[in-house]
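# Report on the structure
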Amino acid sequence: SDGHARVMAKRAAELDVYRRLAERAAGIQITSTSTMRDFVVQSDELKAAFANVIKGAEITEITYMDDNSAEVSATLKIGPLVRVIVRTVSAGGKVTATNETSKQLEITEVGSGAAPGSGGESTDAAATAPTTNEIDILVEQALGVATAL
């Protein structure tokens, strides 16, 4: 049905926007030679903080297209994560935040998705938002950490 296809498309678009946000956030420069990814992968505490920030992205708009696809816009506030990283790393006397980092406190991204073809796929998870586990996997992929599926 069209309703089911819209729900599936929205879910796919949400996963896409979380992935895009995680990739952009992981690439933010923390020092002149290091990105957020460089620091986060070294610490389970920072990786957990990074994942929690990604999960806290605010869905700001959902647009359904005539072809049953969807676009989801989301905003991610990364200032708290940048402060945790800078505080953690600065405690070792290594780093202070760059001016560019302090300006990038919010990231906005758009994800798109379409419902898979109707070939007997399971519909159990279709009505739910992306799960915490799915977002954790997207975060680990964005950080370049091997993930067992």
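So, here is what we can say about the structure in this document. Along every chain, residues carry numbers that run from 1 in the direction the sequence is written. Only residues with pLDDT of at least 70 get local features here, since the model is predicted, and only at 80 or more are side-chain atom pairs given and counted; chain-wide, interface and lining totals rely on the full set of residues. Side-chain descriptors were evaluated using all non-hydrogen atoms of the structure, hydrogens and water having been removed beforehand.

## Focus: the environment of Ser112
For clarity, the threshold we go by: Only DSSP runs of H or I reaching four residues or more are called helices, and only runs of E reaching two or more are called strands; each is numbered from the N terminus. Working rule for contacts: check all heavy atoms of both residues, and any pair within 4.5 Å makes them a contact.
With respect to the secondary-structure elements, Ser112 resides in strand β3 (residues 106–114). Sequence separation of Ser112 and Val72 is 40 residues, and the distance between their C-alpha atoms is 6.3 Å. Beyond its immediate chain neighbours, meaning those up to four positions away, Ser112 contacts Ala12, Ala13, Asp16, Ala70 and Glu71.

## Observations concerning helix α6 (residues 132–143)
Defined as follows: Here a helix's expected span is defined as the number of its residues, less one, multiplied by 1.5 Å. For the exposure calls, accessible area comes from a 1.4 Å probe over protein chains only, and a residue counts as buried if that area is under 20% of its type's maximum, exposed if over 50%, partly exposed in between.
Counted at 1.5 Å a residue, the expected span for α6 with its 12 residues is 16 Å, and the 16 Å between its end C-alpha atoms agrees. Looking only at α6, the buried set comprises Ile135, Ile137, Leu138, Val139, Ala142 and Leu143. Buried residues along α6 sit in contact with α1 (2–26), α2 (36–40) and α3 (44–55). After α6 finishes, the residue Gly144 shows a positive phi value of roughly 80°.

## So, unusual backbone geometry
A positive phi angle is found at Asn68, which is not glycine, with a value near 70°. Within the element layout of this structure, Asn68 appears in the loop between β1 (58–64) and β2 (69–77).

## Digging into the packing of aromatic side chains
Just so we agree on the cut-off: Stacked, tilted and edge-to-face are the three classes applied to pairs of Phe, Tyr and Trp rings, where Trp contributes its six-membered ring and a pair requires centres within 6.5 Å; stacked means planes under 30 degrees apart, edge-to-face means over 60, and tilted covers the rest. A ring has a charge above it when a Lys NZ or an Arg CZ is no more than 6 Å from the ring centre and no more than 35 degrees off the ring normal.
Enumeration over the complete set of coordinates arrives at 0 aromatic pairs. Sitting above the plane of the Tyr64 ring, Arg6 keeps its charged end 3.8 Å from the centroid.

## What about the packing of α1 against α6?
The criterion, for reference: Note on method: axes are straight lines fitted to C-alpha atoms, helices fitted across the in-contact stretch only, with angles between N-to-C directions ranging 0 to 180 degrees. Helix crossings get a hand from a simple test, with the near helix turned counterclockwise from the far one by less than a right angle marking a left-handed crossing and a clockwise turn marking a right-handed one. When residues are grouped by polarity, Ala, Val, Leu, Ile, Met, Phe, Trp, Tyr, Cys and Pro land in nonpolar, Asp, Glu, Lys and Arg in charged, and all others, Gly among them, in polar.
Packing of α1 against α6 leaves a shortest axis separation of 9 Å and a crossing angle of 35°. For the crossing formed where α1 meets α6, the hand is right-handed. Between α1 and α6, the contacting residues are Arg11, Leu15, Tyr18, Arg19, Ala22, Glu23 and Ala26 on the first element and Glu134, Ile135, Leu138, Val139, Ala142 and Leu143 on the second. Of the residues belonging to the contact of α1 with α6, the class tally is 9 nonpolar, no polar and 4 charged.

## Some details on the sheet that holds β3
Selection criterion: Pairing between two strands is assigned when DSSP locates at least 2 bridges connecting them.
With respect to topology, 3 strands assemble into an open sheet ordered β1-β2-β3, the strand pairing being antiparallel. Pairing within the sheet leaves two strands with one partner each, and these edge strands are β1 and β3. Taking the axes of each pair of neighbouring strands and ignoring which way they run, one obtains an average angle of 15° across the sheet. Relative to β2, β1 is paired through 6 bridges, and the arrangement is antiparallel. Along β2, the bridge assignment pairs Thr63 with Glu71. Strands in contact with α1 are β1, β2 and β3; relative to β3, the strand with the most contacts, it is inclined by about 145°.

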